[in-house]
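Fold and contact review
If you want the building blocks of each chain, they are given just below.
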Amino acid sequence: MATYSFSSQPEPGPPSDGRRSDEQMYVPVAPSSWHYAPRRPFWESRAVRTGALFTALAVCGVVILALVRKHIGTEPFLVGLALAVLPVPLLVGAFLWLDRVAPSPWQNVAFAFSWGACAATLVALFANEYGAKLLATTLSATQTQSDRWGATFVAPLVEETAKGTAILLLFLFRRRHIESLLDGIVLSGLVATGFAFTENILYLGTAFGEDKAVGAGVLDSTTAATFFVRILMTPFAHPLFTSMTGIGFAIAATTRPGRPWRWIAPVGGWLLAMVLHGAWNGSSQLSPVGFLTVYVAVMIPVFGLVVWLAFWARAGELRTIRTHLAVYATAGWLHPREPVALGSMRIRSDARDTARRFHGDAGARAVRDYAGYATHLAFLRAAATRGLTPQDFTARESELLHHLWRDRPLAQPALLQSTPLPWPPPFPPPRPPYLPQYTHPPATWLPPGPKHL
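What counts as what
Residues numbered from 1 in each chain as written. Predicted model: local features only at pLDDT ≥ 70, side-chain atom pairs only at ≥ 80, totals over all residues. Heavy atoms only, no water. Helix = DSSP H or I, 4+ residues; strand = E, 2+ residues; numbered from the N terminus. Contact = heavy atoms within 4.5 Å. Areas by Shrake-Rupley, 256 points an atom, 1.4 Å probe, with all protein chains shown as cover. pLDDT = per-residue confidence, 0-100. Expected span 1.5 Å × (residues − 1). Bend = angle between axes of the 7 residues up to and from the residue. Salt bridge = Lys/Arg side-chain N within 4 Å of Asp/Glu carboxyl O. Buried < 20%, exposed > 50% of the residue type's maximum accessible area, 1.4 Å probe, protein only. Phe/Tyr/Trp six-rings, centres within 6.5 Å; stacked < 30°, edge-to-face > 60°. Lys NZ or Arg CZ within 6 Å of the ring centre and 35° of its normal. Patch = residues over 30% accessible without salt bridge, like charges linked within 9 Å, V, L, I, M, F, W, Y side chains within 5 Å. Axes fitted to C-alpha atoms, helices over the stretch in contact; angles between N-to-C directions. Parallel < 35°, antiparallel > 145°, perpendicular 65-115°, else oblique. Left-handed = near helix turned anticlockwise from the far one by under 90°. Nonpolar A, V, L, I, M, F, W, Y, C, P; charged D, E, K, R; others polar. Polar contact = N/O pair within 3.5 Å; in protein donor to acceptor, adjacent residues only side chain to side chain. Core = buried A, V, L, I, M, F, W, Y, C linked by side-chain atoms within 4.5 Å.

Assigned secondary structure in the protein consists of 14 helices and 2 strands. Counted over contacts in the protein with a minimum sequence separation of 6, partners at least 24 positions apart contribute 79%. Total accessible area on the protein is roughly 23,300 Å²; 66% of this is exposed by carbon and sulfur atoms.

Written out as structure tokens, the structure is:
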């Protein structure tokens, strides 16, 4: 997307009607007064930095897969890969479905999964081995003891730190895209899904190699048992642990500066992730009854709580849209019924279908983009009301409003036709092609900027 710079002086607007003084009014700069910013140097280009980052992650992926193949052999590696990939589409699809209200940029989604599958597993592979050796030499432990202590204490510290680093990087460099608790859950879940995918290749491949060496059958094999526990019974384990870290950073990103829990939340989430991970790994050392007890009494309730929190946060995002878009409807940028329409996923879906029926894929794409811009506009203003006004608030608000106005001719009629009226209309609603033709944004003043909220 092109980078715009905006004039600091607003263009002349309509005469004041006495509601606000000229100093209190904010009018976004018209598109004709925008100009492109100078091109950045090559090494400061966003495309170059993104390409370099994903190239580094790809190299990590090649290295970790080569190490796993060397460790367990080619055939076990291929079998482990085929089995480990099975839950990935379901988990990734579930997280992306949760994120449909305000989808994260594809760069964040790809980075989160790639970091977990490539960088985090590469770090964990070496750090776990080093930690186990350190325990054995420091405490003079036997191999069995060092393996048990490593799984219970070293692995949670190493793996949750490696996975949590991705959330930390997104928090530091892409904080503007962490707009709710749901973003923290989704991004951390994607990181953990990638990590679990690569880890499952190792576990399933190792089990297959052991079964092949002893000639075990299919049903009574270690591979079948490992597949049942890791793929069917607990595919959510790693996403559940790391979601604690993601929730902590999401709280920090959406909390006003100066509040003490803004920095306590990420540390607390990281510690809680390690405790859950350690308890789960420790339960694997217990008897089958003890393992199932921890699974039923701890893992399932915590998993249910996180699922409830995700849906609660998703509903909160829709409430934010309905609440904060009302300001722009009052100013004339949106139809009075649009905040309700954009705050309903069912109406959004119906509107896309309606637009596709009359205007093809271009119409459906316009509705999707229109809803996305309106959603981020609502989140931007919600952040301002919480005291988290970004420095570029005016520029971002103006750009989002410009994009809304560009997509309005196709998107608004479809949204209005899909929105149920509060009373029976005296005549059928207009068909989507109908829309008054404006040549300029509506001649109404927008609400004041965030400093006047």
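Quick look at the confidence of the model for the protein now. When pLDDT drops low, the exact placement of atoms in the prediction is not to be read closely. The predicted model of the protein averages 84 in pLDDT, with 83% of residues at 70 or higher. Every residue in residues 1–37 scores below 50 in pLDDT, and together they form 55 contacts with partners more than four places removed in sequence or on other chains. Scored below 50 in pLDDT, residues 447–453 shows 16 contacts in the model against residues more than four places distant or in partner chains.

The next subject is helix 10 (residues 288–324). For helix 10, spanning 37 residues, the distance from its first C-alpha to its last is 52 Å, which sits close to the expected 54 Å at 1.5 Å a residue. The principal kink in helix 10, of about 30°, is found at Y295.

Attention now goes to the pattern of salt bridges. Note that side chains of opposite charge can pair when their charged atoms are close. Tallied over the entire structure, the rule returns 11 salt bridges. The partner of K133 in a salt bridge is E129, with the nearest N and O atoms 3.6 Å apart. Placement of the pair is K133 and E129 together in helix 4 (residues 106–138), with a separation of 4 residues, close to one helical turn. We classify E129 as partly exposed; its relative accessible area is 42%. Put simply, E199 and R230 hold a salt bridge, and the shortest N to O gap is 2.6 Å.

We now examine the packing of aromatic side chains. The tally for this structure, following the rule as stated, stands at 10 aromatic pairs. Where W308 meets W312, the ring centres are 6.3 Å apart and the plane angle is 20°; that geometry is what we call stacked. Of this pair, W308 and W312 both sit in helix 10, 4 residues apart, roughly one helical turn. Given a relative accessible area of 52%, W308 falls into the exposed group. Seen from their ring centres, W333 and W405 are 5.7 Å apart, and the 80° between their planes marks the pair as edge-to-face. Remark: W405 occurs in helix 14 (residues 393–418) and W333 occurs in the loop between helix 11 (326–331) and helix 12 (338–342); sequence separation between them is 72 residues. Overall, the relative accessible area of 8% leaves W333 in the buried class. Within the aromatic cluster, the residues linked to one another by ring pairs are F171, F249 and W263. The positively charged end of R175 is found above the aromatic ring belonging to F171, 4.1 Å away from the centroid. When the ring centre of Y203 is taken as origin, the NZ or CZ atom of R230, which lies over that ring, is 4.2 Å away.

Let us look at a nonpolar patch on the surface. On the surface, W97, F303, V307 and F311 cluster together into a nonpolar patch covering about 330 Å² of accessible area. Residue contributions to the nonpolar patch peak at 3 residues, all from helix 10. With respect to the secondary-structure elements, F311 resides in helix 10. Among the residues examined, F311 registers a relative accessible area of 41% and is labelled partly exposed.

Orientation of helix 1 (residues 46–72) relative to helix 4, taken along the N-to-C sense of each, is 40°, at an axis distance of 9 Å. Between helix 1 and helix 4, the crossing angle belongs to the class labelled oblique. For the pair helix 1 and helix 4, the sense of crossing is left-handed. Residue-level contacts link L53, F54, L57, C60, G61, V63, I64 and L67 of helix 1 to Q107, A110, F111, S114, W115, A117, C118, A119, T121, L122, L125 and F126 of helix 4. Of the residues in the contact of helix 1 with helix 4, the class split is 16 nonpolar, 4 polar and no charged.

Considering the arrangement of structural elements, one finds S221 in the loop between helix 6 (181–214) and helix 7 (222–233). Its relative accessible area of 9% is what places S221 among the buried residues. From its side chain, S221 meets the backbone nitrogen of A224 in a polar contact 3.1 Å long. If near-sequence neighbours (up to four positions away) are discounted, S221 is found in contact with D211 and A216.

It is worth spelling out the nonpolar core at this point. Core analysis: the largest hydrophobic core is formed by 48 residues, its most contacted members being W115 and L190. The greatest single-element share of this core, amounting to 11 residues, is contributed by helix 6. In this view, W115 contacts L57, A120, A162, T165, A166, L169 and V191; residues no more than four positions away in its chain are not counted.

With that out of the way, let us pick up the side chain of H277. Its location among the elements puts H277 in helix 9 (residues 261–283). A residue is classified by how much of its surface remains accessible, and H277, at 2% relative accessible area, is buried. Among the polar contacts made by the side chain of H277, one reaches the side chain of E159 at a distance of 3.4 Å. Excluding its chain neighbours within four sequence positions, the residues that come into contact with H277 are P156, E159, E160, H238 and F241.

The subject of this paragraph is the packing of helix 1 against helix 2 (residues 74–84). For the pair helix 1 and helix 2, the least separation of the axes is 7 Å and the interaxial angle reads 125°. Viewed along their axes, helix 1 and helix 2 adopt a mutual orientation that is oblique. The way helix 1 lies across helix 2 gives a crossing that is right-handed. Seen from helix 1, the contacting residues are L65, V68, R69 and I72; seen from helix 2, they are T74, P76 and F77. For the contact of helix 1 with helix 2, the per-class residue count stands at 5 nonpolar, 1 polar and 1 charged.

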